[in-house]
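Spelled out, the chains give:
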Amino acid sequence: MRFDVLTIFPSLFEHHPREGILGKAIEKGLVEIYPVNIRDYALDPHRTTDDRPYGGGEGMVMKPEPIYGALESVERKDRSIVLLLTPQGERFDQAMARELAALEQIILVCGRYEGVDERIRELCIDREVSIGDYVLSGGELAALVIIDAVSRLIPGVLGGERSAEEDSFSDGLLEYPHYTRPREFQGLRVPEVLLSGDHEKIRQWRRAESLKRTLARRPDLLEKARLTPQDLALLEEVKKELQGGVHQG
Ligand code: 9D3
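In this text, all values refer to a predicted model and were calculated from it rather than measured experimentally.

A.B. asks: If you had to explain the pairing of strand E5 (residues 80-91) to someone new, which residues and values would you point to?
C.D. replies: Across 6 bridges, the pairing between E5 and strand E6 (residues 105-110) is parallel. Each bridged residue has a counterpart across the sheet, and for leucine 84 the counterpart in E6 is valine 109. Relative to strand E7 (residues 127-130), E5 is paired through 5 bridges, and the arrangement is parallel. Within E7, the position partnered with leucine 83 by the bridge is arginine 127.

A.B. asks: Go over the site of the ligand, please, and point to the residues and values.
C.D. replies: Neighbouring the ligand are 17 residues, the closest being Tyr113, Ile131, Gly132, Tyr134 and Leu136. At 3.1 Å, a backbone N or O of isoleucine 131 approaches a nitrogen atom of the ligand. In the complex, 75% of the free accessible area of the ligand, which totals 580 Å², lies under the protein chains. Secondary structure elements with two or more residues in the shell around the ligand: E5 and E7. Residue classes in the shell around the ligand are distributed as 9 nonpolar, 7 polar and 1 charged.

A.B. asks: Break down helix H2 (residues 64-72) for me, with residues and values.
C.D. replies: Listed in full, the buried residues belonging to H2 are Pro66, Ile67, Gly69, Ala70 and Leu71. Where H2 is buried, its residues contact strand E1 (2-7), strand E2 (32-37), strand E4 (61-62), E5, E6 and helix H4 (118-124).

A.B. asks: Go over the packing of helix H3 (residues 94-101) against helix H5 (residues 140-151), please, and point to the residues and values.
C.D. replies: Orientation of H3 relative to H5, taken along the N-to-C sense of each, is 70 degrees, at an axis distance of 9 Å. On the basis of the axis angle, H3 is roughly perpendicular to H5. Packed against H3, whose contacting residues are Ala97, Leu100 and Ala101, the element H5 presents Ile146, Ala149 and Val150 at the interface. Classifying every residue of the contact of H3 with H5 gives 6 nonpolar, no polar and no charged.

A.B. asks: Residue-level account of the state of the cysteines, with values.
C.D. replies: Within the structure shown, the criterion is met by 0 disulfides. Cysteine 124 supplies the cysteine sulfur nearest to cysteine 110, a cysteine that is in no disulfide, at a spacing of 15 Å. Classification of cysteine 110 as buried rests on a relative accessible area of 0%. Classification of cysteine 124 by relative accessible area gives buried; the value is 14%.

Conventions used here
Residues numbered from 1 in each chain as written. Predicted model: local features only at pLDDT ≥ 70, side-chain atom pairs only at ≥ 80, totals over all residues. Heavy atoms only, no water. Pairing = 2+ DSSP bridges. Helix = DSSP H or I, 4+ residues; strand = E, 2+ residues; numbered from the N terminus. Near = heavy atom within 4 Å. Polar contact = N/O pair within 3.5 Å; in protein donor to acceptor, adjacent residues only side chain to side chain. Areas by Shrake-Rupley, 256 points an atom, 1.4 Å probe, with all protein chains shown as cover. Nonpolar A, V, L, I, M, F, W, Y, C, P; charged D, E, K, R; others polar. Buried < 20%, exposed > 50% of the residue type's maximum accessible area, 1.4 Å probe, protein only. Contact = heavy atoms within 4.5 Å. Axes fitted to C-alpha atoms, helices over the stretch in contact; angles between N-to-C directions. Parallel < 35°, antiparallel > 145°, perpendicular 65-115°, else oblique. Disulfide = S-S within 2.5 Å.

Rendered as C-alpha cells:
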C-alpha cells in the first residue's frame, strides 16, 4: 500500500509512522509513505497556502492552487483514491479501513484552518473522512490514524501469531480482560479460572466478560454483534442481575 500525504507539516509523517508495527511494515516494503509539502506548490514568492474567505467571516481558507499542484505531482496507481480529512466527512471505522485496504494507493489531503476551498472538493476529492466528533487542529493526526488502521489489514504487516481478524471489533464485541504474571499484584489476584487449565471454561469466562463489558460500555455494539443463543441467554442473566442490584466485575 502506498500513502501520499498532502500537508503543510510533512515532518509529522517522517518519524511517527516509522516506529513499531508500521515501521516494520515500511522496512519490509509492504507500506510506503510519501509526504508532499503543499507549500512547495504555492505560486507566489511568499509561498502562501491560505487566504481570507470570500464573503467575510472568521479564520482562513486553504487556497486551491497549491493543493491542486501537489495532487498533480503525485503518481497515480490504477486502484487509488483521494481522501480529504475534514470534520464534515463520513466517520472512519473498521469497515471503511477494510475497504481502503483493498486499494493500491491512498492519497490523503490534510486540511488546516477553517477548511479547503470548495473547488478542490469538487474537482479532486473522492471521499471526505472524519475520525470522530472532536476538534483537531488539522487533518494530519487523522491521516496518521487512517494510515495505521489500514496498514494493519495488509497481509504480512501483523506478526503471524495474531491476525487482524481476531482483533476487537471483528466479532463486534469489546475484548475480555487480560492478565499476565505476577499472580497477585498490589493485593489483586488473577481470576482463578485463568489458572485452571480448563480451556473450555476459560473460553466461556472470556466470552461472558466480553459480553458484560460491551453491555456496560458500548451497548450500541450489541445490536450489530454476531451472538449465539448462549450469548443471548448470558446477556439476559446479566441484565437481570443488574436490575436486582447485584454488582460485580
Ligand atoms: C469552527 C468550526 N470548526 C468545525 C468543527 C472548524 C474546524 C475545526 C477543526 C475546521 C477544521 C478543523 C481541523 N480538523 C480537521 O481538519 C479534521 C478532523 C477533526 O477536527 N476531527 C475529527 N476528524 C478530523 S479529520 C480532519
